[in-house]
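Each chain, written out:
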Amino acid sequence: MSTRALNEAASAAATPLSLCSREPHVPADRLVAEMVPPPRFDSVRFDTYLPDPNQPSQCEAVKALSGFAESLGGAHATGAGKRRWFARKPAAPAAPRGVYLDGGYGVGKTHLLASLWHATPAEPALKAFGTFVELTNLVGALGFQQTVRTLSGHRLLCIDEFELDDPGDTVLVSSLLGKLVESGVALAATSNTLPGKLGEGRFAAADFLREIQGLSAHFRPLRIDGEDYRHRGLPEAPAPHSDQVVTETAYRVPGASLDDFPHLLEHLAKVHPSRYGALTDDLTAVCLTDVGPVPDQSTALRLVVLADRLYDREIPVLASGLPFDQLFSEEMLNGGYRKKYFRAISRLTALARDAKGLLAQ
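Residues numbered from 1 in each chain as written. Predicted model: local features only at pLDDT ≥ 70, side-chain atom pairs only at ≥ 80, totals over all residues. Heavy atoms only, no water.

The chain appears in an unreviewed UniProt entry as Cell division protein ZapE from Streptomyces roseolus.

In this section: the packing of helix α5 (residues 132–142) against helix α6 (residues 144–151). For any two helices packed against each other, one specifies the crossing angle of their axes together with the interaxial distance. Contact pair α5 / α6: the axes reach a minimum separation of 7 Å and the direction vectors enclose 115°. Viewed along their axes, α5 and α6 form a crossing whose handedness is right-handed. Between α5, through L135, L138, V139 and L142, and α6, the contact on the second element is made entirely by F144, Q146, T147, T150 and L151. A per-class count over the contact of α5 with α6 returns six nonpolar, three polar and no charged. (Axes fitted to C-alpha atoms, helices over the stretch in contact; angles between N-to-C directions. Helix = DSSP H or I, 4+ residues; strand = E, 2+ residues; numbered from the N terminus. Left-handed = near helix turned anticlockwise from the far one by under 90°. Contact = heavy atoms within 4.5 Å. Nonpolar A, V, L, I, M, F, W, Y, C, P; charged D, E, K, R; others polar.)

In this section: the pairing of strand β1 (residues 98–103). Burial of β1 is extensive: six of the six residues sit out of reach of the surface. Covered by surrounding structure in β1 are G98, Y100 and D102 together with V99, L101 and G103, the residues of both alternating faces. Where β1 lies against strand β4 (residues 186–191), five bridges are found, and the strand directions are parallel. The residue bridging G98 from the neighbouring strand is L187, located in β4. (Buried < 20%, exposed > 50% of the residue type's maximum accessible area, 1.4 Å probe, protein only. Pairing = 2+ DSSP bridges.)

The next subject is the environment of A189. Its place among the elements puts A189 in strand β4. Taking relative accessible area as the criterion, A189 reaches 0% and is therefore assigned buried. For A189 and L157, which are 32 residues apart along the polypeptide, the C-alpha to C-alpha distance reads 8.4 Å. Once residues lying within four places of it in the same chain are set aside, the contact partners of A189 are V99, Y100, L101, L113, I159, F162 and F219.

Our focus in this paragraph is the environment of H241. Turning to its location among the elements, H241 is positioned in the loop between β5 (220–224) and α9 (243–252). Linking H241 and L318, residues 77 residues apart in sequence, is a C-alpha distance of 7.6 Å. Not counting the four nearest positions on each side in its chain, H241 is found in contact with V246, L318, A319, S320, G321 and L359.

What follows is about helix α14 (residues 338–354). In a regular helix each residue adds 1.5 Å, so 17 residues correspond to 24 Å; α14 covers 24 Å between its end C-alpha atoms and thus fits that length. Counting buried positions along α14 gives 14 out of 17 residues, so the element sits mostly inside the fold. (Expected span 1.5 Å × (residues − 1).)

The strand order β2-β3-β4-β1-β5 describes an open sheet built from five strands, whose pairing is parallel. Pairing within the sheet leaves two strands with one partner each, and these edge strands are β2 (127–131) and β5. Here the strands of the sheet are splayed against their neighbours by 15° on average, with no regard to which way each runs.

So, about the packing of aromatic side chains. Applying the stated criterion across every chain, the model contains five aromatic pairs. Look at F132 and F162: their rings are 5.3 Å apart centre to centre, the planes differ by 50°, and that puts the pair in the tilted class. Of this pair, F132 sits in helix α5 while F162 sits in the loop between β3 (156–160) and α7 (167–182), and the two are 30 residues apart along the sequence. F162 matches F132 in its accessibility class, with the two residues each being buried. Taken together, the ring pairs connect Y100, F132, F162 and F219 into an aromatic cluster. (Phe/Tyr/Trp six-rings, centres within 6.5 Å; stacked < 30°, edge-to-face > 60°.)

Time to look at the pattern of salt bridges. Across all of its chains, the model carries 11 salt bridges by this definition. The partner of D354 in a salt bridge is R40, and the shortest N-O contact between them spans 3.8 Å. Separated by 314 residues along the polypeptide, D354 in helix α14 and R40 in the loop between α2 (28–33) and α3 (56–71) bring together distant segments of the chain. The class for D354 is partly exposed, based on a relative accessible area of 40%. A salt bridge links D308 to R347, with the shortest nitrogen-to-oxygen separation between them at 2.9 Å. Linking D308 in helix α12 (residues 297–312) with R347 in helix α14, this pair joins segments that are 39 residues apart in sequence. (Salt bridge = Lys/Arg side-chain N within 4 Å of Asp/Glu carboxyl O.)

Among all positions in helix α10 (residues 261–268), only F261, L264, L265, H267 and L268 are buried. Looking down the long axis of α10, one finds its buried residues gathered within 160° of arc, a one-sided arrangement. For α10, the secondary structure elements touched by its buried residues are β6 (256–260), α11 (276–279), β7 (285–291) and α12. (Arc of directions from axis to C-beta.)

On to the sheet that holds β7, then. With parallel pairing, three strands are arranged side by side in an open sheet as β6-β7-β8. Each of the sheet's edge strands pairs with one partner strand only, and the pair in question is β6 and β8 (317–321). Mean inter-strand twist for the sheet, computed between neighbouring axes without regard to direction, equals 15°.

As structure tokens, then:
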């Protein structure tokens, strides 16, 4: 059936939404209010994490994090409330006041980080949870000093996907975390690389490596071994569908979006990554036609952020064209951002599996 015939057949149905038609504007206060675990991790807890019996480090991490959460009860580490920046500057803790979850893709690091957030005995307004990108975006929206004032009253700051790809961001976050640790804020982070190894294979400048070592001192690393749970015992990612199936599904499923993949990549360049979450507001599914190789690294990094936001919100992705494991070139997958690209492939593959349910609607 031709595209024209498809459109005529769907004329009686509701027109799908389009990501390319959206240019959301997100106020700074929304960025702060949304620093909580994403919807996918609303209900996770330590007791819902299923450790792999062949990976003892997973059980050990649960015990360590449970104890860490309990240690954060009671008064703030400085003994003061949100107004303490007017008081004498407190001494920095002698020992690392943070935990760092290191492990590969899909071993449950974000599940454990969100569980820590839920288990920490403090009201939600005194706990913050966000990705590294969201944290830098918050600084961009509020300014450095205001971000320090906003977060320094918190009991805990959780940073997911702590990956430093830019020396400027390294200095920025290093300075921010230093201020927050001095204020008594506990830290927790996830990444695919140990703190002392961040930046390896990307930038070799002495200043950059010095900043990495400073960040490393804030955390006690917890290694989590294991294979990607999204692929553990599950079938391979479903093959892409035809343009016809994707288009018909988009017209049939209320709240679904329909976009041509190359045009979507162009549109992402016009929207700041801090707004990609808002870009997906109220969507029930994302339908993409003509999925193909990503043309360059800047475009690829924007797609990684969108994949993270879709995964956080559990929005299934139905696509035609190439499989998601063919999005990035061999050069990209062997380069300094390879961890981000493999994460995006893993998450988009999981969302493609979720999209099977759309075909039955």
